[in-house]
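This is what each chain is made of:
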Amino acid sequence: MKNPVFTGAGVAIITPMYEDGSINFDELGRIVEDQIARGTDAIVICGTTGECSTMTDEEQLAAIKYTVDLVNHRVPVIAGAGSNDTDHGCALAAKSAACGADALLLVTPYYNKTSQAGLVAHFTAMAEAGGIPVILYNVPSRTGLNIAPETAKELSKHPLINGIKEASGNIGQVARIAALCGDELNIYSGNDDQVVPLLSLGGKGVISVVSNVKPELVHNCCKAWFDGDTAKARELQLEMLPLCDALFCEVNPIPVKYAMNVLGWEAGECRLPLVEPGDAHKEQIEQALQAAGLIKE
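Residues numbered from 1 in each chain as written. Predicted model: local features only at pLDDT ≥ 70, side-chain atom pairs only at ≥ 80, totals over all residues. Heavy atoms only, no water.

Per an unreviewed UniProt entry, the recorded name for the protein chain is 4-hydroxy-tetrahydrodipicolinate synthase, and the organism is Faecalibacterium prausnitzii. Per its UniProt entry, the protein chain bears the Function (unreviewed entry) comment "Catalyzes the condensation of (S)-aspartate-beta-semialdehyde [(S)-ASA] and pyruvate to 4-hydroxy-tetrahydrodipicolinate (HTPA)." (UniProt positions renumbered as here; feature names shortened; annotations may be inferred.)

Visitor: Explain the UniProt feature "active site" (unreviewed entry) in the protein chain here, please?
Guide: According to UniProt, the positions carrying the feature "active site" (unreviewed entry) are Tyr 137 and Lys 165. The annotated residues occupy 29 residues of the chain but converge on a single region, no pair of C-alpha atoms lying more than 4.7 Å apart. When you line up the elements, Tyr 137 lands in strand β5 (residues 134-138). What Tyr 137 contacts, discounting residues up to four positions off in sequence, is Thr 48, Leu 105, Leu 106, Val 107, Thr 108, Ile 147, Lys 165 and Ala 167. Looking at where Lys 165 falls in the secondary structure, it is placed in strand β6 (residues 161-166). On the basis of relative accessibility, which here comes to 6%, the residue Lys 165 falls in the buried class. Each residue touching Lys 165, except ones within four places of it in the same chain, is listed here: Leu 105, Ile 135, Leu 136, Tyr 137, Asn 138, Tyr 188, Ser 189, Gly 190 and Ile 207. Polar side-chain contacts of Lys 165 include one of 3.4 Å to the side chain of Tyr 137. (Helix = DSSP H or I, 4+ residues; strand = E, 2+ residues; numbered from the N terminus. Contact = heavy atoms within 4.5 Å. Buried < 20%, exposed > 50% of the residue type's maximum accessible area, 1.4 Å probe, protein only. Polar contact = N/O pair within 3.5 Å; in protein donor to acceptor, adjacent residues only side chain to side chain.)

Below, the structure is given as C-alpha cells:
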C-alpha cells in the first residue's frame, strides 16, 4: 500500500507575471500564503495551469525552489517536471527533487507521443532520476496520448510511482485503473467537475484549477466526502459547476488567470501563444465569480 502524497484538494497554481512576462515572485508568494490559509491541501507548482510549457528550465526551477522554501513543509509541494524528451525530463526531475519538492507531476510525452511500452520506459527513467514520489499526469486532450489502465498497473509496480492525475474525463477508464491498481496507485481527479465521481471510486482528491479562486470550496468538498457526508460532498460538487464551466470556457489557464486579475491579484497576462479571453467569456467568468460570492456588484 502506498500512502498518498496528499489527500484532498491540491491547487494547480497559476504563475503570476509582470507586464514584461517575467515571474512575479512576490505575488506568487502572496497567492501561496492565501491558498494555505484557506485550506488548500497541496501546492502544485509549474503544472499546466502554471504555464510551465513556456518557461525556461531556469525559470521553472526558480519557481519550484521559491515555493518549496516559502511553504516550508506546511503542505506538500508537487513540482511539474514533465517533458516529451526523456533525457530532458530526467534532468528536470533530478533538479526539481534537489529543490526540495515532495513529489513530481509528470505528464505523458506530447507531440512525438510513444507506445504504451514507451510510456513505461519514459516514466520509469524519470522516476528513478528524481528519486522522489511521482504522480503520473494523463491528459490526452492536450497530449494526444492516453495511459491505458494496464499500463498504469505496470507503472504502479514501481515503488516511486505513487499516483495518477486522471484528466481523461473517462470515468470508465478511472474505474478500470482503480480495479487494476488498488492501493498501489493513488488516483487524483484532473477535472474539477468530476471530483466526487473519482472519490467514489477510491480517489484521494483533486489537482484543481478552481482552487485558485475558491480553495475552501474544493477542500470542503473533498473533506465532506472523507468525513462520510456524501450528500454534502455532492452538494459542493454541484455548487462548483458554474466555476468549472467558466474556468474552462477557453484553454486553461486563460480563464483562471483572467479570473485572478478580476479578484484583485496581480496575475498578469498569459505568455503567448495564450491570449486574453474573448469578451463573452470574460462576462461568463465575471458572472460565475459573482454567483460564487467572490465579487460584489
